[in-house]
Amino acid sequence: MRAFFLTDHDTPARLSDVAIPEPAEGEIRLRIAACGLNFADLLMQKGTYQDTPALPFVLGMEVSGIVDATAPDVKGFAPGDRVAVFGGQGGLADYGCFSAARAVKLPDTMGWTDAAGFQIAYGTSHLALDHRARLQPGETLLVLGAAGGVGLTAVEIGKLIGARVVACARGADKLEAAKKAGADHLIDAESGDIRAEMKALGGADVVYDPVGGDQFTAAFRSCNPEGRLLSIGFASGDVPQIKANHLMVKNLSVMGLYWGGYLAFRPDVLTGSLAQLMAWHGEGRLKPHISHVLPLERAAEGMELLRSRKSTGKVVITVADL
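For the structure given in this document, a descriptive report is provided here. For clarity, every value in this text was computed on a predicted model and none was experimentally measured.

Reading guide: rules and limits
Residues numbered from 1 in each chain as written. Predicted model: local features only at pLDDT ≥ 70, side-chain atom pairs only at ≥ 80, totals over all residues. Heavy atoms only, no water. 1 Å grid on protein atoms, 1.4 Å probe; cavity = no way out; pocket = protein on both sides within 12 Å on 5 of 7 lines; lining within 4 Å. Points joined across faces, edges and corners; volume = space filled by probe spheres on them. Helix = DSSP H or I, 4+ residues; strand = E, 2+ residues; numbered from the N terminus. Nonpolar A, V, L, I, M, F, W, Y, C, P; charged D, E, K, R; others polar. Buried < 20%, exposed > 50% of the residue type's maximum accessible area, 1.4 Å probe, protein only. Arc of directions from axis to C-beta. Contact = heavy atoms within 4.5 Å. Pairing = 2+ DSSP bridges. Right-handed = clockwise from strand over helix to strand, strands pointing away. Salt bridge = Lys/Arg side-chain N within 4 Å of Asp/Glu carboxyl O. Phe/Tyr/Trp six-rings, centres within 6.5 Å; stacked < 30°, edge-to-face > 60°. Lys NZ or Arg CZ within 6 Å of the ring centre and 35° of its normal.

## Regarding the layout of surface pockets
The computed volume of the largest pocket comes to approximately 1300 Å³. Taken together, 47 residues form the lining of the largest pocket, with Phe 39, Val 150, Pro 210, Gly 233 and Ala 235 sitting closest to its centre. Listed by contribution, the elements that provide at least two residues to the lining of the largest pocket are helix H1 (39-46), helix H3 (119-132), strand E10 (164-169), helix H11 (299-307) and strand E16 (314-318). A per-class count over the lining of the largest pocket returns 27 nonpolar, 14 polar and six charged. Approximately 230 Å³ is the volume found for the second largest pocket. When contributions to the lining of the second largest pocket are tallied by element, the ones reaching two or more residues are H3, helix H4 (151-161) and helix H5 (172-180). In terms of residue count, the dominant contributor to the lining of the second largest pocket is H5 (four residues). Split into classes, the residues belonging to the lining of the second largest pocket amount to six nonpolar, five polar and six charged.

The following block contains the structure:
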């Protein structure tokens, strides 16, 4: 089968011909239809992601497809089931074996491309805003990186919760994508003054930050008393340093969110969140934004779209027309 294989962290991944895997205990094998790309895939290629697998491995964290085979001990799944899986690796291939505990059956209303790019982006934003920050209707939410894979979902979910959403992104095209997702106010990260513009809007109650760096600092300084800052990632490459005395003065809270981590210590929180998100999608209340859909042969091009920040929303790789 074809697989986008990484053999070392100094050589780019490439499409290779490898053997079709057999499901181990507790696993299902998928005929993969599509795979969503994530910023973490770029970090894995460099070996800097917190959950980078041991080399060699197949890139691709989240997939959709049809169950092709199951291990004898697996219950609840059968060949022919349509599912999505957050596997953490192995998605950019014709077939993949994944833990059945990480698989969710798809509603008939959800297509392959939406399903492949749904779990991490929407799951991250929902857990961050609802479970961690306890965002309330009427509060002001500032979303940094608002046109990215997780940023757009934070805009959507913030509006569903009932917040006033301020979207910060680079350039008119990305701001337009955030506006279409429901943003009430827009800040251009290239030319705007985040702190000044947020102060003019009354300050931020919750900040959603997948960027880090100078944008985090500006957002931090624009927070209202008892503001909550969500640290989602560091796309800028700059991990901000926080002065604890500044937290104290305004009674601020800074909290991290690693969506995949909930699989280890609170899987019920994650599965409950996904159930809510699937229901919202079925009701037409969530509309995933996928800017690029590319075939497996162009997976490297898809990675470059993320690296160069030329995409909005998700980039999805199609593997098979199932």
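And the narrative resumes.
## Description of H11
If you check which residues of H11 are buried, you get Ala 299, Gly 302, Met 303, Leu 305 and Leu 306. Down the axis of H11, the smallest arc covering the buried residues is 155 degrees, so these residues share one side. Among the structural elements, strand E1 (2-6), H1, strand E15 (290-295) and E16 are those in contact with the buried residues of H11. Taken from the residues just after H11, Arg 309 is the one with a positive phi, measuring 60 degrees.

## Describing the pairing of strand E11 (residues 185-188)
Bridge analysis of E10 against E11 gives four bridges, and the strand direction is parallel. Among the inter-strand pairings, Ala 169 is bridged to a residue of E11, identified as Asp 188. Tracing the backbone out of E10, into H5 and back to the parallel element E11 gives a crossover that is right-handed.

## Comments concerning the pattern of salt bridges
Where charged atoms from two side chains of opposite charge come close, those side chains can pair. As enumerated under the stated definition, the model contains 13 salt bridges in all. Between Asp 94 and Arg 2 there is a salt bridge; the shortest N-O distance is 2.8 Å. With a gap of 92 residues between them, Asp 94 in the loop between strand E6 (82-86) and strand E7 (95-99) and Arg 2 in strand E1 connect regions that are remote in the sequence. Relative accessible area serves as the criterion here: at 26%, Arg 2 is assigned to the partly exposed category.

## Quick notes on the sheet that holds E1
Spatial ordering of the open sheet is given by E2-E1-E4, a layout of three strands whose pairing is antiparallel. The open sheet has two free edges, formed respectively by strand E2 (14-17) and strand E4 (57-58), since each of these has just one partner strand. In the sheet, E1 pairs with E2 via four bridges, with the strands oriented antiparallel. Within the sheet, the bridge partner assigned to Phe 4 lies in E2 and is Leu 15.

## What to know about the packing of aromatic side chains
Centre distance and the angle of the planes are the two values used to describe a pair of aromatic rings. This structure, assessed with the given rule, holds five aromatic pairs. Ring geometry for Phe 86 and Trp 259: centres 4.9 Å apart, planes at 75 degrees, overall edge-to-face. With Phe 86 in strand E6 and Trp 259 in the loop between strand E14 (253-256) and helix H9 (262-265), the pair connects residues that are 173 residues apart, well separated along the chain. By relative accessible area, which is 6% here, Phe 86 ends up buried. Ring geometry for Phe 216 and Phe 220: centres 5.9 Å apart, planes at 40 degrees, overall tilted. Pair noted here: Phe 216 and Phe 220 are both in helix H7 (residues 213-221), with a separation of four residues, about one helical turn. Of the two residues examined, Phe 216 and Phe 220, each falls in the buried class. Taking NZ or CZ as reference, Arg 31 lies 5.1 Å from the ring centre of Tyr 95, over its face. A cation over a ring is seen here: Arg 82 above Trp 112, with NZ or CZ 4.5 Å from the ring centre.

## Considerations on unusual backbone geometry
Glycine aside, residues mostly have negative phi, and peptide bonds are mostly found in the trans state. Residues Leu 55 and Pro 56 are joined by a peptide bond in cis, for which omega reads -10 degrees. Structurally, Pro 56 is set in the loop between H1 and E4. With a phi close to 55 degrees, Arg 134 is a non-glycine residue in the positive phi region. Mapped onto the fold, Arg 134 is located in the loop between H3 and strand E9 (140-143). Exposure remark for Arg 134: the relative accessible area of 48% places this residue in the partly exposed category.

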